[in-house]
Amino acid sequence: MAYSTSTTAGQTVQEIINALPGLMAVAVVDAQSGMALASHSNTPNINPETAAAYNTEVVKQKHKAMAALKLTDEKIEDILISLSNQLHLIKLSADAKKFIYLVVNSRDTNLAIAREVLRETANLLK
């Protein structure tokens, strides 16, 4: 367990674990540095801290693409990456300074429920 429930990030991770007990991994990430502020993994081969750093680049590149397309009235709600057996979701906080990175098994987790859990818990990241 790489989090403490005495922090907002840790409380967010705990809320997600409670809501999605079958999750594979989760991290709350500083969107500028890529540092995981809190993380947890139920799967030994998924390191959420490493994934946090790489997915920070995904978020930054999407922001650059939006700027290049002049999508100034839009903001990223979430990013979904579908693998053959996994769903990787990135949910940005309202101020886009943090994001939640979530990995779930696509066969065990309903995408709509996972997105709703992320939407609700992202509100904790203020």
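Let me sum up the structure you'll find in this document. (Residues numbered from 1 in each chain as written. Predicted model: local features only at pLDDT ≥ 70, side-chain atom pairs only at ≥ 80, totals over all residues. Heavy atoms only, no water.)

## Considering the sheet that holds strand E2 (residues 36-41)
Selection criterion: DSSP calls a pair of strands paired once it identifies at least 2 bridges connecting them. The way it works is that DSSP assigns letters per residue, a run of H or I at least four long becomes a helix, a run of E at least two long becomes a strand, and they are numbered from the N terminus. All axes here are fitted lines through C-alpha atoms, helices being fitted over the stretch that makes contact, and every angle between N-to-C directions spans 0 to 180 degrees. We call two residues in contact when some of their heavy atoms are within 4.5 Å.
The antiparallel open sheet is built from five strands, whose spatial order is E2-E1-E5-E4-E3. Whereas interior strands pair on both sides, the edge strands pair on one side only; in this sheet they are E2 and strand E3 (78-82). Here the average twist between neighbouring strands, direction ignored, is 10°. Of the strands in this sheet, E3, strand E4 (86-92) and strand E5 (98-105) touch helix H3 (residues 111-122), which is tilted by about 25° from E4.

## Re the side chain of Thr109
Our working definition: Think of it in three bands: residues with accessible area under 20% of the maximum for their type are buried, residues over 50% are exposed, and the middle band is partly exposed, with areas taken using a 1.4 Å probe on protein chains only.
Along the polypeptide, Thr109 turns up in the loop between E5 and H3. By relative accessible area, which is 13% here, Thr109 ends up buried. Look past the residues within four positions of Thr109 in its chain and what remains in contact with it is Leu20, Val104 and Ala114.

## Structural notes on the pairing of E2
Of the pairings in the sheet, the one linking strand E1 (residues 25-30) to E2 comprises five bridges and is antiparallel in character. Considered in E2, the bridge of Val26 is made with His40.

## With respect to the pattern of salt bridges
The line we're drawing: Any Lys or Arg side-chain nitrogen found within 4 Å of a carboxyl oxygen on Asp or Glu counts as a salt bridge.
Taken as a whole and judged by the stated rule, the model has three salt bridges. Taking the shortest distance from any N to any O, the salt bridge between Glu77 and Lys91 comes out at 3.4 Å. Note that Glu77 is positioned in the loop between helix H2 (48-68) and E3 and Lys91 in strand E4, a separation of 14 residues in sequence. What makes Lys91 buried here is its relative accessible area of 9%. Ionic pairing is found between Arg119 and Glu116, a salt bridge with its closest N-O pair at 2.5 Å. Taken together, the residues Arg119 and Glu116, both in helix H3 and three residues apart, mark about one turn of the helix. In this structure Glu116 comes out as partly exposed when scored by relative accessible area, which is 31%.

## What to know about unusual backbone geometry
One non-glycine residue, Lys70, lies in positive phi territory at about 55°. Taking relative accessible area as the criterion, Lys70 reaches 67% and is therefore assigned exposed. With a phi angle near 60°, Ala96 is a residue other than glycine that sits in the positive phi range. Within the secondary structure, Ala96 is located in the loop between E4 and E5. The exposure class assigned to Ala96 is partly exposed, which follows from its relative accessible area of 29%.

## Observations concerning the nonpolar core
Short version of the rule: Each nonpolar core is a collection of buried residues, namely Ala, Val, Leu, Ile, Met, Phe, Trp, Tyr and Cys, held together in the definition by side-chain atoms within 4.5 Å.
Ranked by internal contacts, the top residues of the largest apolar core, which has 20 residues, are Val13, Ile16, Leu20, Leu23, Val26, Ile100 and Leu102. Going through the elements one at a time, helix H1 (8-19), E1, E4, E5 and H3 are the ones with two or more residues in this core. Counting 17 residues, the second largest nonpolar core, distinct from the first, contains Val29, Ala51, Val59 and Ile76.

## A closer look at the packing of H1 against H3
Note the threshold: When an angle is under 35 degrees it counts as roughly parallel; over 145 it counts as roughly antiparallel; between 65 and 115 it counts as roughly perpendicular; any other value is oblique. Put simply, a crossing is left-handed when the front helix is turned counterclockwise from the back one by less than a right angle, and right-handed when it is turned clockwise. Each residue is assigned to one of three groups, with Ala, Val, Leu, Ile, Met, Phe, Trp, Tyr, Cys and Pro labelled nonpolar, Asp, Glu, Lys and Arg labelled charged, and all others, Gly among them, labelled polar.
With their axes 10 Å apart at the nearest point, H1 and H3 run at an angle of 155° to one another. In terms of their interaxial angle, H1 and H3 are classed as roughly antiparallel. The crossing of H1 and H3 is right-handed. Contact with H1, carried on its side by Thr12, Glu15, Ile16 and Ala19, involves Val117, Leu118 and Thr121 of H3 and no other residues of that element. When its residues are assigned to classes, the contact of H1 with H3 shows four nonpolar, two polar and one charged.

Everything listed here is a matter of coordinates, which is why it stays silent on function.
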